[in-house]
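# Chains, contacts and geometry: an overview
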Amino acid sequence: MTRDTGAGAGAEGTENTQSTENPENAVVTGPGDDRMVVAENVHKSFGRLEVLRGIDLEVRRGEVMCVVGPSGSGKSTFLRCVNHLEKITAGRLWVNGHLMGYRQRGGRLYELHDTQVARQRRGIGMVFQNFNLFPHMTVLGNVMEAPVQVNREPRAEARENALRLLARVGLEEKAGAYPRQLSGGQQQRVAIARALAMRPDLMLFDEPTSALDPELVGEVLDVMKNLAEEGMTMVVVTHEMGFAREVGDSLVFMDGGVVVESGAPREVLTNPRQERTQAFLSKVL
Amino acid sequence: MSTPDDHSANPAGPAGSRPAGGAAAGQSPPEAIKAVPVRHPGRWVAAAVLLLFAAMFVNMLVTNDAFDWPFLFENMFSPPVLVGVRTTLILAAVSLLIGIVIGIVVAIMRLSDNPILVGLGWLYTWFFRAVPRIVLCVLFGNIAILYQTLELGIPFDNYWLPLLGIEGDARFYSVPMATLLSPFVAAVIALSLSQGGYMAEIVRAGLLSVDKGQSEAAQALGMSRGQVLRRITLPQALRVIVPPTGNEASAILKDTSLVSAIPLTTELFFQLQQVGARTFNLFPMLVAACLWYLMITSVLMVGQHYLERSFTRGDRGAQEQVRRIKSRAAS
Ligand SMILES: Nc1ncnc2c1ncn2[C@@H]1O[C@H](COP(=O)(O)OP(=O)(O)O)[C@@H](O)[C@H]1O
Ligand SMILES: [Mg+2]
């Protein structure tokens, strides 16, 4: 929930316990705090171009936050900042209690080493608009890759888990196929299984259905809906307002690198308060 | 298929018998087109001329005594020549292999975000692609002029030891350059350094050809940079790297003929020339050299074909890509 707009109907009691043991590196620690993502005044510039201009928001554990907004408003950039694929230029960003990409000590920030950033990313799954499956590996290979290479899971165990995940997205019979032999919807479901194989605490979706033919959108949204019902914390950039309304716990409208409005999806979609939100919604609804 | 013109006249084969769209649905298929194909008299003239030249060439091969075929075949497989073939093959293979390793390392340096590594990588490719291989060969053949011995120790001891008031030196180990740098080793160094320069560019192009989304997806899964490179980027870059590397293999095979300038004399071409010089019958040995290089590179080409196929098996897009790369390389 953003703090600046105060429109969030579901943002109750998020300003609770500050961390006790490691106050600088972790604002959110322990089971007492239910905030999975905390963004504080996040800025991101590409050279002169300021893409994010002060994002404040919080995602609670188990929350499904949908992010909408016009193209170029910085939605993808924000998601990529969350798992540190992009370095933020100002502000702070915590995921699951960890300051992303940095260590703070004595009021100073120290950049984390690549391997430490990689470790932070293990708990964050990401699903891309273009699937980005590894074309030189089978479906099973795609799902097993990170558990085996990164977590050093025994192959047999990783394989069993991968097959279970493929069954969960309805694709166990495609385990031996290569990505190019699958439809877009099937590829995206494999991509979700691949991310889940790392047992993430948080899943990021960047327009997961935007590259799909209309008739294939539903199968991917169904998988995401199931995931949400099982309690996964999700941040979903999407243009599927139906999904946002039905599955989302909160909705954030971004424009020009800031959060313009946020709140319960029904509230924002039916009663937008900001002019820019109204203008955007009138175009997409 | 009576004339080669059949293709251009009827490229789609029996496609003419397909029903023509919705309007014709339900009707019997129209009769297949039987048109008189366009004639290409120019092709026949060209073929006749070429045939004439071919006949003249064969006639020369048979009747001109300078070829001395019996002598050629007798000496083409003599023991020193076979040793030459072996040296050439080993030299080419080792240099190519080391060159590939250097190329991968330099390409990664140039794509890193460490400006020093980027600069060093650039310097390397710039130098070793600019200096001709024969010059490198002669240079490394004469490197003993620069360093008579190779010594291991703490650098600049001739300056700081006197400053500390100590006599002697801080060199722990030394070997004469001549024992260390046999002609064969000099040849390997010269050729692999040069090869590394070319391979660096090929590998770099290959790595750049892989979609950025691939490494991002891998990073998002928590893979380290090394893992991303080894498991995701490099394997996908191979389909772009392999075809030009095949060309590099034939190139370095042929360039082993330069190492007699080091001088490494056990190499194939020098051996054949030696036979020619000894017997005062040089020309057949030159022809033998052509035949040897033809044979070896032909075997290489077959191997390259299967290698490329195994990298793109069942992947039409990739096969198409490889064809494009090859035709670009050929033109
Ligand atoms: N790597 C980059 N370098 C420069 N500009 C970028 C880069 N990535 C994104 N941008 C710019 O940032 C702006 C926001 O992009 P993005 O976050 O992809 O928007 P959205 O996902 O909301 O459509 C765009 O103007 C885009 O051109
Ligand atoms: Mg986007």
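Residues numbered from 1 in each chain as written. Chains lettered and ligands numbered in written order. Predicted model: local features only at pLDDT ≥ 70, side-chain atom pairs only at ≥ 80, totals over all residues. Heavy atoms only, no water.

### Structural notes on the pattern of salt bridges
Within this structure, the stated rule accounts for 22 salt bridges over all chains. With a shortest N-O distance of 2.8 Å, Arg80 of chain A and Glu86 of chain A are connected by a salt bridge. An identical accessibility class is assigned to Arg80 of chain A and Glu86 of chain A; each is buried. Within this structure, Lys44, Arg80 and Glu86 of chain A together with Lys212 and Glu216 of chain B form a network of salt bridges that share partners. (Salt bridge = Lys/Arg side-chain N within 4 Å of Asp/Glu carboxyl O. Buried < 20%, exposed > 50% of the residue type's maximum accessible area, 1.4 Å probe, protein only.)

### Here we look at the sheet that holds strand β4 (residues 90-95) of chain A
Residue and element names in this part refer to chain A. A sheet is described by the order of its strands in space; here four strands give the open sequence β2-β1-β4-β5, paired in antiparallel fashion. Strands with a single pairing partner mark the edges of an open sheet, and in this sheet they are β2 (49-60) and β5 (98-99). Across two bridges, β4 lies against β5 in antiparallel orientation. Residue Trp94 lies in a different strand from β5, and its bridge partner there is Leu99. Packed onto the sheet, helix α1 (residues 75-82) meets β1 (35-46), β2 and β4 and runs at close to 60° relative to β2. (Pairing = 2+ DSSP bridges. Helix = DSSP H or I, 4+ residues; strand = E, 2+ residues; numbered from the N terminus. Contact = heavy atoms within 4.5 Å. Axes fitted to C-alpha atoms, helices over the stretch in contact; angles between N-to-C directions.)

### Section: the site of ligand 1
All names here are of chain A. The local shell around ligand 1 consists of Phe46, Leu49, Val51, Pro70, Ser71, Gly72, Ser73, Gly74, Lys75, Ser76 and Thr77. Taking Ser76, its side chain carries an N or O atom lying 2.6 Å from an oxygen atom of ligand 1. Here an oxygen atom of ligand 1 and a side-chain polar atom of Thr77 are 2.5 Å apart. For ligand 1, whose free accessible area comes to 560 Å², the fraction covered by protein is 59%. It is α1 that provides the largest number of residues to the shell around ligand 1, a total of three residues. (Near = heavy atom within 4 Å. Polar contact = N/O pair within 3.5 Å; in protein donor to acceptor, adjacent residues only side chain to side chain. Areas by Shrake-Rupley, 256 points an atom, 1.4 Å probe, with all protein chains shown as cover.)

### Focus on the packing of helix α4 (residues 79-111) of chain B against helix α12 (residues 268-279) of chain B
Residue and element names in this part refer to chain B. Contact pair α4 / α12: the axes reach a minimum separation of 7 Å and the direction vectors enclose 165°. The pairing of α4 with α12 is recorded here as roughly antiparallel in orientation. Our pair here, α4 against α12, has a crossing hand that is left-handed. Facing α4, whose interface residues are Pro80, Val81, Gly84, Val85 and Thr88, α12 presents Leu268, Gln271, Leu272 and Val275. Looking at the contact of α4 with α12, its residues break down into six nonpolar, three polar and no charged. (Parallel < 35°, antiparallel > 145°, perpendicular 65-115°, else oblique. Left-handed = near helix turned anticlockwise from the far one by under 90°. Nonpolar A, V, L, I, M, F, W, Y, C, P; charged D, E, K, R; others polar.)

### Comments concerning the UniProt feature "domain: ABC transmembrane type-1" (unreviewed entry) in chain B
Feature annotation in UniProt places "domain: ABC transmembrane type-1" (unreviewed entry) on residues 85-304 of chain B, given in this structure's numbering. Annotation note: span residues 85-304 of chain B, helix share 75%, strand share 5%, distance between end C-alpha atoms 20 Å. (UniProt positions renumbered as here; feature names shortened; annotations may be inferred.)

### Observations regarding the nonpolar core
Grouped together as the largest cluster of nonpolar side chains are 53 residues, with contacts concentrated most on Leu166, Ile192, Met203, Phe205, Met224 and Met234 of chain A. Here this core takes eight residues from helix α6 (residues 214-229) of chain A, the largest share from any one element. Apart from the residues lying within four places of it in its own chain, the contact partners of Ile192 of chain A are Val127, Met203, Phe205, Val220, Val223, Met224 and Leu227 of chain A. Core analysis: the second largest hydrophobic core is formed by 43 residues, Leu136, Ala186, Val275 and Val287 of chain B among them. (Core = buried A, V, L, I, M, F, W, Y, C linked by side-chain atoms within 4.5 Å.)

### Description of the UniProt feature "transmembrane region" (unreviewed entry) in chain B
All names here are of chain B. According to UniProt, the "transmembrane region" (unreviewed entry) feature falls on residues 44-63, 83-109, 130-150, 170-194 and 282-303. When the span residues 44-63 is considered, its composition is 100% helix and 0% strand, and the gap between its end C-alpha atoms is 28 Å. Helix makes up 64% of residues 170-194 and strand 24%, whereas the separation of the span's terminal C-alpha atoms amounts to 33 Å.

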